[in-house]
Amino acid sequence: MTNLWNLGRPTLYNHSFDVSYTIPINRIKLLNFISSSVRYQGTYDWQAGPMTVDTIQLGNQIQNSRNIQLTGNMNLTNLYNKVPYFKEVNQKFRRTGRSRYSLNRRTSGGGRDQNNEPLQQKTKEETFTNNLKLVSNQVQKISHKLNTKRIKVIVTGVDAKVIPGKVEVIDANTIEFTPLADAPQALMTVSGKPGSQSFLKNMLDITTRMLIGVHTISGNYSINGGTVLPGYLPEPVLFGGGDYTPSSQMFGNSIGTSFAPGLPFLFGWQDDDFARTASLNGWLTIDSTLNMPYTVSRNERFNLRAVFEPLPDLRINITADRSFSKNFSEFYNYDNTTGRFNANSFSERGNFSMSTLTWGTAFFAIGKGEVQQSQTFENLKENRLIIARRLASQRNANNGFGYDPTTINPETGFPDGYGPTSVEVMVPAFLAAYQNKDPHKVSLGLFPALKFIRPNWQVQYEGMVSRIPGLNRIMRSLNFTHAYRSAYNIGSFITNLNYTEQGDGFSYVRDIADNF
């Protein structure tokens, strides 16, 4: 009857919001080739618990999630085009292909694409003429618009005799002529092949194109997270929250009224200690029959991509990425003796992936008589002792647990607690060997930081071979793709429930192989 009088009871509530902001960095004239944005997404969900007898109170369940995303892009072509010469080079080395994967397609309507026409082996010579009045030693500026510096200039008078003079080439379309004699009427003839230029100029253009071949650089960084809390007693009042006063029968009068679950949680913000905060505020049930854990998930991703086009139709995509996911759970049980909640059975699991570079150790020579052993694998075995010594040296000799980091295991020859099969030893030794790094300097962590990320790449050529004289008789187009991908992956990991961190930041619990 109570629920009927109150027009029912709340069973579900959820809300979400999405905020995006474009950073106005491109409003700065010198930085208008850069674009960047930030996005925040948050959700909140409240779900009523099952209806039970009065002696059992399992509470409700709340959960939230958050996604923070930062993106940035640099269009370097727009930056290069601020320099007239760079813009001219980019226009000169345009791609011959219309678009990706379009090289082997026929044009619509049965017509022929102008890009498929063979290049003319010879460019026709063009001529520019102009009538002039010449005064001895007086410079005249002439614009011939032949688009070449390799020209031939002849100036003749009315009697068809050549008028001597000095010619200075200003640019591909302009010259200056200084006559050495007067001529009331003269005819100037300028001839040349449009677009023709010297070998050195061609080499300069190609070199410049390769130096400014990086067209775009883009990056993306995101953090995703979520929290699930069972046994939550308050009910939504306004926008999922409201003031809540704990029951005096459960907690007495020692806990006052508070706003539950708090604005940060309602907006999706993540706090690993939220369950502890909820227990101190009296938001959790003390019923021992609740056996659902408090869980928190987190995923961090970073992606970087650059497009490099040193020559027309040759594209190199350079990528780098890193992903780290962690999920932890623990139970909060009420202790009637102390009147407090105790967290127990902490467990953490997840996975890790990062692009790396192992090209230098991916291949090795094979002997003629027999297959030689891999030198990289031999380096891995040798690196283990170096890594083990570095790990042991991190521990304090006065640790209070009777451990001496200088003690050597007589059976293995490795420092005590860091044997040749220890995971903490094997992973850094493996990374040092296959990444061709110094084992004395390689990171000792199982999850390398962002600064250790390395690029992978994809090389793609899509060219109109039909425009190249000679090859157009053999093939119409040429597609070539080469890709390199190398990644360091940890499929899954889970914490050891026996792990107990001491005051010095280390655990002295050992496994069955006598390793920490």
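Here the structure is shown first, and the text comes after it.
Since the structure is predicted, the reported quantities are computational estimates derived from the model, not experimental observations.

**Q** I tried to follow the overall build of the protein chain on my own but got confused; where do I start?
**A** The helix and strand inventory of the protein chain stands at 9 helices and 18 strands. Residues counted as buried form 35% of the 516 residues belonging to the protein chain. Here the analysis covers contacts within the protein chain between residues at least 6 apart in sequence; of these, 71% occur between residues at least 24 apart. As presented, the protein chain carries roughly 31500 Å² of accessible surface, and 54% of it is formed by carbon and sulfur atoms.

**Q** How do you make sense of helix α8 (residues 375-393) when you look at a structure like this?
**A** Across its 19 residues, α8 extends 28 Å between first and last C-alpha, which sits within 8% of the 27 Å expected from 1.5 Å per residue. Maximum bend of α8: about 30°, positioned at N383. Of all the residues in α8, the buried ones are T376, E378, L380, N383, R384, I387, A388, L391 and A392. Buried-residue contacts for α8 involve α9 (423-434). The distance from a side-chain oxygen at the start of α8 to the backbone nitrogen of T376 is 3.3 Å, and the residue carrying that oxygen is S374.

**Q** Would you explain the nonpolar core in this entry?
**A** Grouped burial of nonpolar side chains is what soluble globular proteins tend to show. Ranked by size, the top nonpolar core spans 25 residues in total, and within it I62, L229, Y232, F274, W283 and Y294 carry the most contacts. Counting residues in hydrophobic clusters, the runner-up holds 16 residues, among them Y403, Y418, A433 and F516.

**Q** Can you help me understand unusual backbone geometry in this one?
**A** The phi torsion of most residues other than glycine is negative, and most of the peptide bonds are trans. With an omega of 0°, the peptide bond between A260 and P261 qualifies as cis. Along the polypeptide, P261 turns up in the loop between β12 (258-260) and α6 (263-266). Of note, the phi angle at N137 is positive, near 65°, even though the residue is not glycine. Turning to its location among the elements, N137 is positioned in the loop between β4 (126-134) and β5 (140-143). With a relative accessible area of 58%, N137 lands in the exposed category. Despite not being glycine, D514 shows a phi value in the positive range, around 70°. Taking relative accessible area as the criterion, D514 reaches 36% and is therefore assigned partly exposed.

**Q** How do you make sense of the sheet that holds strand β7 (residues 165-171) when you look at a structure like this?
**A** Strand pairing within a sheet occurs via backbone hydrogen bonds; the two strands may be parallel or antiparallel. Read from one edge of the open sheet, 3 strands run β5-β8-β7, paired in antiparallel fashion. Looking at the sheet topology across the chains shown, the edges are occupied by β5 and β7. Here the strands of the sheet are splayed against their neighbours by 25° on average, with no regard to which way each runs. With 4 bridges connecting them, β5 and strand β8 (residues 174-179) associate as antiparallel partners. The partner of S143 across the bridge, within β8, is T174.

**Q** How should I be thinking about the pattern of salt bridges in this particular structure?
**A** Side-chain pairs of opposite charge can arise whenever the charged atoms involved come near each other. This model, assessed by the stated rule, comprises 8 salt bridges. Salt-bridge contacts for E378 lead to K381; the nearest nitrogen and oxygen are separated by 3.4 Å. Here E378 and its partner K381 are both found in helix α8, 3 residues apart, which amounts to about one turn of the helix. Note on E378: relative accessible area 17%, which makes it buried.

**Q** Can you help me understand the pairing of strand β2 (residues 34-47) in this one?
**A** Bridge count between strand β1 (residues 12-23) and β2: 12 bridges; the pairing is antiparallel. Following the sheet pairing, Y13 is matched in β2 by W46. Where β2 and strand β3 (residues 60-75) come together, 14 bridges link them in antiparallel fashion. Its bridge partner lying in β3, Q47 is registered against Q61.

**Q** Can you walk me through the packing of aromatic side chains in this structure?
**A** The geometry of an aromatic ring pair is captured by the separation of the ring centres together with the interplanar angle, meaning the angle of the planes. Inspection of every chain in the model, using the stated rule, returns 29 aromatic pairs. Look at F324 and F493: their rings are 6.3 Å apart centre to centre, the planes differ by 45°, and that puts the pair in the tilted class. Residue F324 is found in strand β14 (residues 314-335), and its partner F493 is found in strand β18 (residues 487-494); the two are separated by 169 residues along the sequence. Just as F324 is buried, F493 falls in that class too. Their ring planes at 80° and their centres at 5.1 Å tell us that Y403 and F516 sit as a pair that is edge-to-face. Of this pair, Y403 sits in the loop between α8 and α9 while F516 is found in the segment after β18, placing the two residues 113 residues apart along the sequence.

**Q** Would you explain the sheet that holds strand β9 (residues 183-192) in this entry?
**A** If you walk across this open sheet you meet the 3 strands as β4-β9-β6, and the pairing is antiparallel. Edge positions in the open sheet fall to β4 and β6 (151-157), since each of these has one partner strand only. Each strand of the sheet is rotated relative to its neighbour by a mean of 20°, with strand direction disregarded. Relative to β9, β6 is paired through 7 bridges, and the arrangement is antiparallel.

**Q** Whenever I open this one, helix α4 (residues 199-211) confuses me. Can you help?
**A** One turn of an α-helix holds 3.6 residues; hence residues three or four places apart share an orientation. Taking 1.5 Å per residue, 13 residues should reach 18 Å; α4 reaches 18 Å between its end C-alpha atoms and fits that length. Within the span of α4, buried status applies to D205, T208 and R209. An end-on view of α4 places all buried positions within 100° of arc, on one side of the element. In α4, those exposed residues whose orientation departs by more than 90 degrees from the buried face are F199, L200 and L211. Buried residues belonging to α4 abut α3 (84-92), β10 (214-232) and β13 (294-311).

**Q** Can you help me understand a nonpolar patch on the surface in this one?
**A** A grouping of F199, L200, M203, I206, M210 and L311 is seen on the molecular surface, where their side chains present a nonpolar patch of about 590 Å² in accessible area. Ranked by the residues each element gives to the nonpolar patch, the list is headed by α4, at 5 residues. Judged by relative accessible area, which is 38%, M203 ranks as partly exposed.

**Q** What's the story with the packing of α3 against α4 in this structure? I'm lost.
**A** Helix-helix packing: each pair is described by the crossing angle between the helix axes and the interaxial distance. Running from amino to carboxyl end, α3 crosses α4 at an angle of 95°, the nearest separation of the two axes being 10 Å. The angle between the axes of α3 and α4 places the two elements in the roughly perpendicular class. From α3, Y85, F86, E88, V89, N90 and K92 reach across to α4, where they touch K201, N202, L204, D205, T208 and R209. When its residues are assigned to classes, the contact of α3 with α4 shows 4 nonpolar, 3 polar and 5 charged.

What counts and how
Residues numbered from 1 in each chain as written. Predicted model: local features only at pLDDT ≥ 70, side-chain atom pairs only at ≥ 80, totals over all residues. Heavy atoms only, no water. Helix = DSSP H or I, 4+ residues; strand = E, 2+ residues; numbered from the N terminus. Buried < 20%, exposed > 50% of the residue type's maximum accessible area, 1.4 Å probe, protein only. Contact = heavy atoms within 4.5 Å. Areas by Shrake-Rupley, 256 points an atom, 1.4 Å probe, with all protein chains shown as cover. Expected span 1.5 Å × (residues − 1). Bend = angle between axes of the 7 residues up to and from the residue. Polar contact = N/O pair within 3.5 Å; in protein donor to acceptor, adjacent residues only side chain to side chain. Core = buried A, V, L, I, M, F, W, Y, C linked by side-chain atoms within 4.5 Å. Pairing = 2+ DSSP bridges. Axes fitted to C-alpha atoms, helices over the stretch in contact; angles between N-to-C directions. Salt bridge = Lys/Arg side-chain N within 4 Å of Asp/Glu carboxyl O. Phe/Tyr/Trp six-rings, centres within 6.5 Å; stacked < 30°, edge-to-face > 60°. Arc of directions from axis to C-beta. Patch = residues over 30% accessible without salt bridge, like charges linked within 9 Å, V, L, I, M, F, W, Y side chains within 5 Å. Parallel < 35°, antiparallel > 145°, perpendicular 65-115°, else oblique. Nonpolar A, V, L, I, M, F, W, Y, C, P; charged D, E, K, R; others polar.

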